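Remarks on the overall topology
Chain by chain, the residues run as shown.
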Amino acid sequence: IKPTEETSTQRAQRAENMYLEARNRYISKEYVVAAHLMREAIRLEPSQGRYYLLLGNCLSTQQKTLKEAEPVLRKAVELDPFNAVCRASLGQLYL
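The model shown is predicted, which means the values in this text are computed figures rather than measured ones.

Here the focus is the packing of aromatic side chains. For the structure on display, the rule yields two aromatic pairs. We note Arg50 situated over the ring of Tyr19; from NZ or CZ to the ring centre the distance is 5.0 Å.

And the structure:
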């Protein structure tokens, strides 16, 4: 491995750090910043359902990104089918 190459473990850790920061931003109602962080985390680690869940929740808070939320939340359900929160967030879009 070249020194500049990132290992999968390092990439996963970086994605997790972005998720934690995005969660804090979401709690602070900084949805655009949180969504940006989650898109990057998903690029690094696309198999994490909770990453899609948080991105979908960020997108569903704004009228202009509401339509983007549905496929993202569907992906969260696909990756984590037994997570009731994923299903509930998807259901909220239809209310």
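Back to the text.
Let's shift gears to helix α2 (residues 31-44). In an α-helix, one turn spans 3.6 residues; hence positions three or four apart end up facing the same way. The first and last C-alpha atoms of α2 sit 20 Å apart over 14 residues, in line with the 20 Å expected at 1.5 Å per residue. Those residues of α2 that are buried are in contact with α1 (8-27) and α3 (49-59).

Moving on: the pattern of salt bridges. Summed over all chains, the structure comprises eight salt bridges. A salt bridge links Arg74 to Glu70, with the nearest nitrogen and oxygen atoms 3.1 Å apart. Linking Arg74 with Glu70, this pair stays in helix α4 (residues 66-79), spanning four residues, or about one helical turn. Arg74 sits in the partly exposed class, given a relative accessible area of 44%. Judged by its relative accessible area of 27%, Glu70 is partly exposed. We note a salt bridge from Lys75 to Glu78, for which the minimum N-O separation is 3.3 Å. With Lys75 and Glu78 both in helix α4, this residue pair falls three residues apart, about one helical turn. A residue is classified by how much of its surface remains accessible, and Lys75, at 28% relative accessible area, is partly exposed. One network of salt bridges, in which partners are shared, links Glu21, Arg25 and Glu30.

Once that is clear, we can look at the nonpolar core. Grouped together as the largest cluster of nonpolar side chains are 25 residues, with contacts concentrated most on Ala22, Met38, Ala41, Tyr51, Leu54 and Leu55. Counting residues per element, the ones that place at least two in this core are α1, α2, α3, α4 and α5 (84-92). Contact partners of Leu55, with chain neighbours within four places excluded, come to Ala35, Met38, Arg39, Ile42 and Val72.

This next bit is on the packing of α3 against α4. Each packed pair of helices is defined by two parameters, the angle between the axes and the distance between the axes. Packing of α3 against α4 brings their axes to within 8 Å, and their N-to-C directions diverge by 160°. The orientation of α3 relative to α4 falls into the category roughly antiparallel. The handedness of the crossing between α3 and α4 comes out as left-handed. Contacts from Gly49, Tyr52, Leu53, Leu55, Gly56, Asn57 and Leu59 in α3 reach Leu66, Glu68, Ala69, Val72, Leu73, Lys75, Ala76 and Leu79 in α4.

Reading guide: rules and limits
The numbers attached to residues start from 1 for each chain and follow its sequence in the written order. Predicted model: local features are reported for residues with pLDDT of at least 70 only, side-chain atom pairs are reported and counted for 80 or more only, and whole-chain, interface and lining totals are derived from all residues. Side-chain metrics in this entry use all non-hydrogen atoms of the structure; hydrogen atoms and water are not considered. When the centres of two rings from Phe, Tyr and Trp lie within 6.5 Å, Trp using its six-membered ring, the rings pair. Their planes under 30 degrees apart give stacked, over 60 give edge-to-face, and anything left gives tilted. Consider the ring centre and the ring normal. A charge sits over the ring if Lys NZ or Arg CZ is within 6 Å of that centre and within 35 degrees of that normal. The way it works is that DSSP assigns letters per residue, a run of H or I at least four long becomes a helix, a run of E at least two long becomes a strand, and they are numbered from the N terminus. Here the expected length of a helix is defined as 1.5 Å per residue gap, with one fewer gap than residues. Contact definition: two residues touch when any of their heavy atoms are within 4.5 Å. Here a salt bridge means any side-chain nitrogen of Lys or Arg lying within 4 Å of a carboxyl oxygen belonging to Asp or Glu. Using a 1.4 Å probe on the protein chains alone, a residue whose accessible area is under 20% of its type maximum counts as buried, one over 50% counts as exposed, and one in between counts as partly exposed. As used here, the term nonpolar core means buried Ala, Val, Leu, Ile, Met, Phe, Trp, Tyr and Cys residues forming a set that is joined through side-chain atoms within 4.5 Å. Here an axis means a line fitted to C-alpha atoms, over the contact stretch when the element is a helix, while the angle between two N-to-C directions is reported on a 0 to 180 degree scale. Note that the term roughly parallel is reserved for angles under 35 degrees, roughly antiparallel for angles over 145, roughly perpendicular for angles of 65 to 115, and oblique for everything else. We call a crossing left-handed when the near helix sits turned anticlockwise from the far one by less than a right angle, and right-handed when that turn is clockwise.

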